2 protein chains.
Amino acid sequence: MRDITPEEAARHRAKMEKRKAVQDAEVAEKTVEKGLLIVHTGPGKGKSTAAFGLALRVLGHGGRVGVVQFIKGAWQSGERAALESFGERVEWHSMGEGFTWETQDLARDVAAARRAWEKAREMMDNPAFGLVILDEMNIALRYDYLPLDEVVAALAARREGLHVVVTGRNAKPALIEAADLVTEMGLVKHHFKAGVKAQKGIEF
Amino acid sequence: MRDITPEEAARHRAKMEKRKAVQDAEVAEKTVEKGLLIVHTGPGKGKSTAAFGLALRVLGHGGRVGVVQFIKGAWQSGERAALESFGERVEWHSMGEGFTWETQDLARDVAAARRAWEKAREMMDNPAFGLVILDEMNIALRYDYLPLDEVVAALAARREGLHVVVTGRNAKPALIEAADLVTEMGLVKHHFKAGVKAQKGIEF
């Protein structure tokens, strides 16, 4: 065990009392409740994973969650299997046809993105859903598979109380501008560089 | 719908064929399977949330997950309630006594961190677990509530095949050094700045 002198304990207490006062004042200032537009972007891992973690949070409070996967659609993922255990409280649509370098067909990719966006709008309009996840939609926006203006306008005009999470690298500035919360996942270190392959439970 | 000229479609196809070749070569290079030491750090949101998203992934593949919360312990969270629906496949221990500015008692915080670490070691040694999440342990390391050398050595010597995720701001350089995968969650934009309060389903 670590030794703590009475002086150290007193210093710690004084510092933490001050910090608590600041913290309490900050919490008291925040009074608005609203549905958030959340963006997870950046080159690091965890963009989709954090979105599915939020799904867990909403489900834990009794809410319903909609998921549209814009790009990955070909493979069955662990999070999908786990979320399916919540039954009709999770509605999952994989609309993409795999990554774009798999299909190699621009017209097919554009049509798939369009269908995915129509499904997304449908769920956003359905008051049963508390959270809608638009997984990898940033990729579809980046490649102009979807009209940016129309998408941002629809997200900004979402119904009150609805949380939406958009994931994917290279989020468009207009989307970031419209968002309430933007997290950039930065890649500090990656095991792929050390030759470790994609593994069940971690990458899918 | 977007109009696509034949030239544009051909260019797209050529570009994506090249990209697929690069991608396939990269995947073929990676052959190692190992349990990963993963760190989620940085000032942005999503550090714990992405860890719980990984838990979903592991659960979806039939694995078992252990969670030790080092700092938050006082409040019931949505993700905990949702993960409890997986029954004994999730073992959850909230060992902290709330944030440090709530307790204001150094000796109590150090003792709580120590108990949490002992529970973590126990789960890391139990081959039933495929993933162990050490939530907010970086905070305990940062304030020297735990001996850094001992913790890093134990993480580095974890049993083969075990994935461990450590979350929290200000990850220590020695931990980053030992890790396989480190993501820094950067804060681009936060709704708290606009007076929006912590909400069910998003912050807890």
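Rules of the game
- Residues numbered from 1 in each chain as written.
- Chains lettered and ligands numbered in written order.
- Predicted model: local features only at pLDDT ≥ 70, side-chain atom pairs only at ≥ 80, totals over all residues.
- Heavy atoms only, no water.
- Buried < 20%, exposed > 50% of the residue type's maximum accessible area, 1.4 Å probe, protein only.
- Helix = DSSP H or I, 4+ residues; strand = E, 2+ residues; numbered from the N terminus.
- Pairing = 2+ DSSP bridges.
- Least-squares fit on C-alpha atoms with pLDDT ≥ 70 in both.
- Contact = heavy atoms within 4.5 Å.
- Buried area = accessible area lost by both parts, 1.4 Å probe.
- Salt bridge = Lys/Arg side-chain N within 4 Å of Asp/Glu carboxyl O.
- Polar contact = N/O pair within 3.5 Å; in protein donor to acceptor, adjacent residues only side chain to side chain.
- Nonpolar A, V, L, I, M, F, W, Y, C, P; charged D, E, K, R; others polar.
- Phe/Tyr/Trp six-rings, centres within 6.5 Å; stacked < 30°, edge-to-face > 60°.
- Lys NZ or Arg CZ within 6 Å of the ring centre and 35° of its normal.
- Axes fitted to C-alpha atoms, helices over the stretch in contact; angles between N-to-C directions.
- Parallel < 35°, antiparallel > 145°, perpendicular 65-115°, else oblique.
- Expected span 1.5 Å × (residues − 1).

**Structural notes on the pairing of strand β2 (residues 65-69) of chain A**
Residues and elements named next belong to chain A.
For step 1, the next point in the chain: In terms of burial, β2 is largely enclosed, as five of its five residues are buried.
For step 2, the next point in the chain: Because side chains alternate across β2, one face comprises the buried residues Val65, Val67 and Gln69, and the other comprises Gly66 and Val68, equally buried.
For step 3, the next point in the chain: As paired elements, β2 and strand β3 (residues 90-94) share five bridges and run parallel to each other. From the neighbouring strand, valine 68 faces β3, where its bridge partner is histidine 93.
For step 4, the next point in the chain: The sheet contact formed by β2 and strand β4 (residues 131-135) spans five bridges and is parallel. Paired with valine 65 across the bridge in β4 is leucine 131.

**Some words on the relation of the copies chain B and chain A**
For step 1, the next point in the chain: With an RMSD of 0.0 Å, the fit of chain B onto chain A corresponds to turning through 180° and sliding 0.0 Å along the axis. The superposition of one copy onto the other is thereby described by a two-fold rotation axis.
For step 2, the next point in the chain: A share of 100% of interface residues in chain B that are also interface residues in chain A marks the association as one of identical surfaces.

**As for the interface of chain B and chain A**
For step 1, the next point in the chain: In this assembly, 82 residues from chain B lie in contact with 82 residues from chain A.
For step 2, the next point in the chain: A buried area of about 7,700 Å², summed over both sides, lies between chain B and chain A, and 63% of it is on carbon and sulfur atoms.
For step 3, the next point in the chain: Our enumeration of links across chain B and chain A arrives at two salt bridges.
For step 4, the next point in the chain: For the pair chain B and chain A, the interface holds seven residue pairs in polar contact (both at pLDDT 80 or more).
For step 5, the next point in the chain: Going through the elements one at a time, α1 (6-29), α2 (47-60), α3 (78-83), α4 (100-103), α5 (106-125), α8 (173-178) and β6 (181-189) of chain B are the ones with two or more residues in the side of chain B that touches chain A.
For step 6, the next point in the chain: Split into classes, the residues belonging to the side of chain B that touches chain A amount to 35 nonpolar, 21 polar and 26 charged.

**Describing the packing of aromatic side chains**
For step 1, the next point in the chain: One pass over the structure, following the stated rule, counts five aromatic pairs over all chains.
For step 2, the next point in the chain: Seen in terms of ring centroids, Phe86(A) and Phe86(B) are 5.9 Å apart; in terms of plane orientation they differ by 80°. Their pairing is edge-to-face. Of this pair, Phe86(A) sits in the loop between α3 (78-84) and β3 while Phe86(B) sits in the loop between α3 and β3 (90-94), which puts the two residues in different chains.
For step 3, the next point in the chain: Taking the ring centre of Phe129(A) as reference, the NZ or CZ of Arg64(A) above it sits at 5.2 Å.
For step 4, the next point in the chain: A cation sits over an aromatic face here: Arg142(A) above Tyr143(A), 5.5 Å from the ring centre.

**Overview of the pattern of salt bridges**
For step 1, the next point in the chain: Enumeration according to the criterion identifies 16 salt bridges over all chains in this entry.
For step 2, the next point in the chain: Residues Arg57(B) and Glu79(A) are paired through a salt bridge, measuring 2.5 Å at the closest nitrogen-oxygen approach. A residue pair is termed interchain when its members come from two chains, as with Arg57(B) in helix α2 and Glu79(A) in helix α3. Side by side, Arg57(B) and Glu79(A) carry an identical accessibility label, which is buried.
For step 3, the next point in the chain: Note that Lys119(A) is salt-bridged to Glu122(A), the shortest N-O span being 3.3 Å. With Lys119(A) and Glu122(A) both in helix α5 (residues 106-125) and three residues apart, this pair spans about one turn of that helix.

**Here's the deal with unusual backbone geometry**
Residue and element names in this part refer to chain A.
For step 1, the next point in the chain: Phi angles above zero are rare outside glycine, and glutamate 136 is one such case at about 65°.
For step 2, the next point in the chain: By secondary structure assignment, the location of glutamate 136 is in the loop between β4 and α6 (137-142).
For step 3, the next point in the chain: Take glutamate 136: its relative accessible area is 10%, and that puts it in the buried class.
For step 4, the next point in the chain: Located in the positive-phi region is asparagine 170, a residue other than glycine, with phi close to 55°.
For step 5, the next point in the chain: Mapped onto the secondary structure, asparagine 170 falls in the loop between β5 (163-167) and α8 (173-178).

**Overview of the packing of helix α2 (residues 47-60) of chain A against α2(B)**
For step 1, the next point in the chain: Where α2(A) meets α2(B), the closest approach of the two axes is 7 Å, and the angle between their N-to-C directions is 85°. By the angle between their directions, the pair α2(A) and α2(B) is classed as roughly perpendicular. In this structure, α2(A) contributes Thr49(A), Ala50(A), Phe52(A), Gly53(A), Leu54(A), Leu56(A) and Arg57(A) to the contact, and α2(B) contributes Thr49(B), Ala50(B), Phe52(B), Gly53(B), Leu54(B), Leu56(B) and Arg57(B).

**Side note on α2(A)**
All names here are of chain A.
For step 1, the next point in the chain: Compared with the 20 Å implied by 1.5 Å per residue over 14 residues, the 20 Å span of α2 between its first and last C-alpha is a close match.
For step 2, the next point in the chain: By the criterion of burial, α2 is predominantly enclosed, with 13 of the 14 residues buried.
For step 3, the next point in the chain: Of the residues trailing α2, glycine 62 is marked for its positive phi of about 90°.

**With respect to the pairing of strand β5 (residues 163-167) of chain B**
Residues and elements named next belong to chain B.
For step 1, the next point in the chain: Burial within β5 is extensive, with five of its five residues counted as buried.
For step 2, the next point in the chain: The side-chain alternation of β5 yields two buried faces, one formed by His163, Val165 and Thr167 and the other by Val164 and Val166.
For step 3, the next point in the chain: Bridge analysis of strand β1 (residues 37-41) against β5 gives four bridges, and the strand direction is parallel. What sits directly across from leucine 37, in β5, is valine 164.
For step 4, the next point in the chain: Relative to β5, strand β4 (residues 131-135) is paired through four bridges, and the arrangement is parallel. Residue pairing across strands places leucine 131 opposite histidine 163, the latter belonging to β5.

**Remarks on the sheet that holds β4(A)**
For step 1, the next point in the chain: On the basis of which strands lie adjacent, the open sheet formed by twelve strands has the order β3(A)-β2(A)-β4(A)-β5(A)-β1(A)-β6(A)-β6(B)-β1(B)-β5(B)-β4(B)-β2(B)-β3(B) and mixed pairing. Only two strands of the sheet have a single neighbouring strand rather than two, namely β3 of chain A together with β3 of chain B. Averaged over all neighbouring strand pairs, the angle between strand axes comes to 15°, with direction disregarded.
For step 2, the next point in the chain: Each of β2, β3, β4 and β5 of chain A is contacted by α5(A), which is oriented at about 170° to β2(A), the strand it contacts most.

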